[in-house]
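Architecture at a glance
Each chain, written out:
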Amino acid sequence: MSFSGEVKEELAKHISSARHCRIAELAALLSFCGQYGREASGGYTIGFQTENEAVVRKGFTLLQKTFNINNDVTLSEEQMQDFYSKFGNLEAPVGQKLIKNSCCQRAFLRGAFLSIGSISDPQKGYHMEFVCTDEAKAEQLRKVMQGFEIDAKIVMRKKYYVVYLKEGAAIVDLLNIMEAHVALMNLENLRILKELRNTVNRRVNC
């Protein structure tokens, strides 16, 4: 499994004990890879457009634990209206009231990474990115990171808005914020080994 996959597996297993944080993380999952649907029978469904099983598993776990919605049940129009009133239009950025607390912002970033994030193999280099289809969502993501004093950048790549970090220290900080502590320790160990090798090489070449 890739390092990025390991991070997502770790984050997928992290279930917040606070309902408001679970809602914030679910809001991110829905915003970046969620969808509402309506069946021919008239019932409504909620789903996630992703090939990553860990993300789907996390999404439905949050739905079940927070709203008692199971993945094999269709929703009535009344249930869907209640859900829509909480999360709103998925084409728009997440409502600020859902991520006003620092703990909820951490959960939001966790959901964002699960949905659209990736991180390079730290043995080859330091690069973390979030690939957004919408500029306003990319700006919201960057603003939340800036609230934790992480200076993320945005670049256009074809039709996508990519929020990215290229500094090892910033990536470590963001892993800590998202509570990916195992991945953080693995990355820190690799950084220390790299620094030791570089120090040895400099001394040998002097």
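Residues numbered from 1 in each chain as written. Predicted model: local features only at pLDDT ≥ 70, side-chain atom pairs only at ≥ 80, totals over all residues. Heavy atoms only, no water.

The next thing to look at is the overall build of the protein. Helices and strands together make up the secondary structure of the protein, namely eight helices and six strands. Reading the protein from its N end, one meets helices and strands in the order α-α-β-β-α-α-α-β-β-α-β-β-α-α. Along the longest, intermediate and shortest principal axes, the C-alpha atoms of the protein span 75 × 30 × 30 Å. Here the protein holds 206 residues, and 44% of them are scored as buried. Expressed as a percentage of contacts within the protein between residues at least 6 apart in sequence, the contacts between residues at least 24 apart total 66%. As displayed, the protein offers around 11300 Å² of accessible surface, 47% of which is attributable to carbon and sulfur atoms. (Helix = DSSP H or I, 4+ residues; strand = E, 2+ residues; numbered from the N terminus. Buried < 20%, exposed > 50% of the residue type's maximum accessible area, 1.4 Å probe, protein only. Contact = heavy atoms within 4.5 Å. Areas by Shrake-Rupley, 256 points an atom, 1.4 Å probe, with all protein chains shown as cover.)

A few words now on the side chain of Glu-25. Mapped onto the secondary structure, Glu-25 falls in helix H2 (residues 19–33). Among the residues examined, Glu-25 registers a relative accessible area of 1% and is labelled buried. Ignoring sequence-local partners within four residues, the contact set of Glu-25 consists of Leu-11, His-14, Lys-58, Leu-62, Ala-107, Phe-108, Arg-110, Gly-111 and Leu-114.

Next up on the list: the packing of aromatic side chains. Scanning all chains against the criterion turns up eight aromatic pairs. Between Phe-83 and Phe-87, the ring centres sit 4.7 Å apart and the planes meet at 40 degrees, which makes this aromatic pair tilted. Taken as a pair, Phe-83 and Phe-87 lie in helix H4 (residues 77–87) at a separation of four residues, close to a single helical turn. On the basis of relative accessible area, Phe-87 is assigned to the buried category, the value being 11%. (Phe/Tyr/Trp six-rings, centres within 6.5 Å; stacked < 30°, edge-to-face > 60°.)

Here the focus is the environment of Ser-76. Here Ser-76 shows up in the loop between helix H3 (53–67) and H4. With relative accessibility at 34%, the residue Ser-76 sits in the partly exposed group. Distance from Ser-76 to Tyr-44, taken between C-alpha atoms, is 6.3 Å for residues 32 residues apart in sequence.

To continue, consider the packing of helix H1 (residues 3–13) against helix H5 (residues 102–116). When two helices pack together, their arrangement is given by the angle between the helix axes and the distance between those axes. Contact pair H1 / H5: the axes reach a minimum separation of 10 Å and the direction vectors enclose 135 degrees. Considering their axes alone, H1 and H5 lie oblique with respect to each other. Crossing of H1 over H5 shows left-handed handedness. In this structure, H1 uses Ser-4, Val-7, Lys-8, Leu-11 and Ala-12 to contact H5, whose residues at the interface are Arg-110, Phe-113 and Leu-114. (Axes fitted to C-alpha atoms, helices over the stretch in contact; angles between N-to-C directions. Parallel < 35°, antiparallel > 145°, perpendicular 65-115°, else oblique. Left-handed = near helix turned anticlockwise from the far one by under 90°.)

Taken together, the side chains of Ile-192, Leu-193 and Leu-196 make up a nonpolar region of the molecular surface, amounting to roughly 280 Å² of accessible area. Structurally, Leu-196 is set in helix H8 (residues 181–205). (Patch = residues over 30% accessible without salt bridge, like charges linked within 9 Å, V, L, I, M, F, W, Y side chains within 5 Å. Salt bridge = Lys/Arg side-chain N within 4 Å of Asp/Glu carboxyl O.)

We now examine the pattern of salt bridges. What the rule picks out here adds up to seven salt bridges. Residue Arg-157 is joined to Glu-129 by a salt bridge in which the shortest nitrogen-to-oxygen separation is 2.9 Å. You can see Arg-157 sitting in strand E5 (residues 153–157) and its partner Glu-129 sitting in strand E4 (residues 128–132), a full 28 residues away along the chain. The buried category is assigned to Glu-129, whose relative accessible area is 10%. Notably, a salt bridge pairs Lys-153 with Asp-151, separated by 3.0 Å at the nearest N-O pair.

All quantities given are derived from atomic positions and should not be read as evidence of function.
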